[in-house]
Amino acid sequence: MLDDWGEVEKDGCHENDGSRETGCFDLTCPGFVQISHEIALGASIHPISTQNGLPYSITIYIYKDLNTSNWWLQYGGSINIGYWPSEIFKGGLASHAETVQWGGEVYSKNVGKHPHTKTQMGSGAFPIFIFGNTGFMKNMRILDNAMELMFPQNVDAYSEEYNCYRPQYMGDYIEEPEFHFGGPGRNPLCP
């Protein structure tokens, strides 16, 4: 499972429990084969965008190699970081992805407990598309098995803790779909 830049759901397994029972999305679980050490997975990304400052971005691709059926993670359009071998997938993901998700995650060992974590997502502000004031994803595409890039279809914006963190998907009335996300964590609406 991959988060903060694109999440692939494995056989119905989802991160609703802070990765304790359902698996994980990083190198703490076996399976991912890292082939490049130019990018340190799990490390901070720099420089960091700030509210009212310059926005910085990265480009991430996740794609299936049609020859090996391995799922590759690529950075910047040229650095193949590594792959998830096809044999670790059992159901539908062995042949194709049925769900693609973009978003953010805040880790807390106190999932579903109070008080909520003070950890912010994005800039710490709730997203307002017009202001571009928080974390965002642009140029979202899905590469289908015919090797054609498509805009995502049937998109839903979802948050497990809407009063703490919010998503905002803009697909209508603009040329290029955008996904904005963020929030302050603990606040008067999210005790």
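Residues numbered from 1 in each chain as written. Predicted model: local features only at pLDDT ≥ 70, side-chain atom pairs only at ≥ 80, totals over all residues. Heavy atoms only, no water.

Chemist: Residues and numbers for the overall build of the protein chain, please.
Modeler: Along the backbone of the protein chain there are 0 helices and 11 strands. Written out in order from the N terminus, the α and β elements of the protein chain read β-β-β-β-β-β-β-β-β-β-β. When contacts within the protein chain are restricted to residue pairs at least 6 apart in sequence, those whose partners lie at least 24 apart make up 57%. Roughly 12200 Å² of accessible area belongs to the protein chain as shown, and the carbon and sulfur atoms make up 51% of that amount. (Helix = DSSP H or I, 4+ residues; strand = E, 2+ residues; numbered from the N terminus. Contact = heavy atoms within 4.5 Å. Areas by Shrake-Rupley, 256 points an atom, 1.4 Å probe, with all protein chains shown as cover.)

Chemist: Give me the lowdown on the packing of aromatic side chains, citing residues and values where you can.
Modeler: Scanning the model with the defined rule gives 3 aromatic pairs in all. Note on Phe32 and Trp84: the rings are 4.7 Å apart at their centroids and 65° apart in plane angle, and the pair reads as edge-to-face. Of this pair, Phe32 sits in the loop between strand 1 (7-8) and strand 2 (33-34) while Trp84 is found in strand 5 (residues 79-84), placing the two residues 52 residues apart along the sequence. You can call Trp84 buried: its relative accessible area is 13%. Between Trp72 and Tyr83, the aromatic rings sit 4.8 Å apart at their centres with planes inclined by 40°, giving tilted as the arrangement. Taken as a pair, Trp72 in strand 4 (residues 71-75) and Tyr83 in strand 5 lie far apart in primary sequence, 11 residues in all. Overall, Trp72 belongs to the buried group, its relative accessible area being 14%. (Phe/Tyr/Trp six-rings, centres within 6.5 Å; stacked < 30°, edge-to-face > 60°. Buried < 20%, exposed > 50% of the residue type's maximum accessible area, 1.4 Å probe, protein only.)

Chemist: Outline the confidence of the model for the protein chain, supporting the account with residue identities and numerical values.
Modeler: A residue-level look at the protein chain finds 83% of positions with pLDDT of 70 or above and a mean pLDDT of 78. Per-element mean pLDDT across the protein chain ranges from 37 in strand 1 up to 92 in strand 5. (pLDDT = per-residue confidence, 0-100.)

Chemist: Can you explain the state of the cysteines? Please cite residues and give values.
Modeler: By the definition in use, this model includes 1 disulfide. Put simply, Cys164 and Cys190 are joined by a disulfide, and their sulfur atoms are 1.8 Å apart. Note on the Cys164 and Cys190 pair: the S-S dihedral is about 80°, so by sign convention the disulfide is right-handed. On the criterion of sequence distance, the pair formed by Cys164 in the loop between strand 9 (149-150) and strand 10 (166-170) and Cys190 in the segment after strand 11 (178-182) is long-range, its members being 26 residues apart. For Cys164, a relative accessible area of 5% puts it in the buried group. (Disulfide = S-S within 2.5 Å.)

Chemist: Lay out the sheet that holds strand 10 in plain terms, naming residues and giving numbers.
Modeler: Across the sheet, 3 strands lie side by side as 7-11-10; this open sheet has antiparallel pairing. Two strands bound the open sheet, and with one partner strand each, they are strand 7 (135-138) and strand 10. Direction aside, the axes of adjacent strands within the sheet are offset by 15° on average. Two elements, strand 7 and strand 11, share 4 bridges in a ladder whose sense is antiparallel. Looking across to strand 11, one finds that Lys138 is bridged to Glu178. (Pairing = 2+ DSSP bridges. Axes fitted to C-alpha atoms, helices over the stretch in contact; angles between N-to-C directions.)

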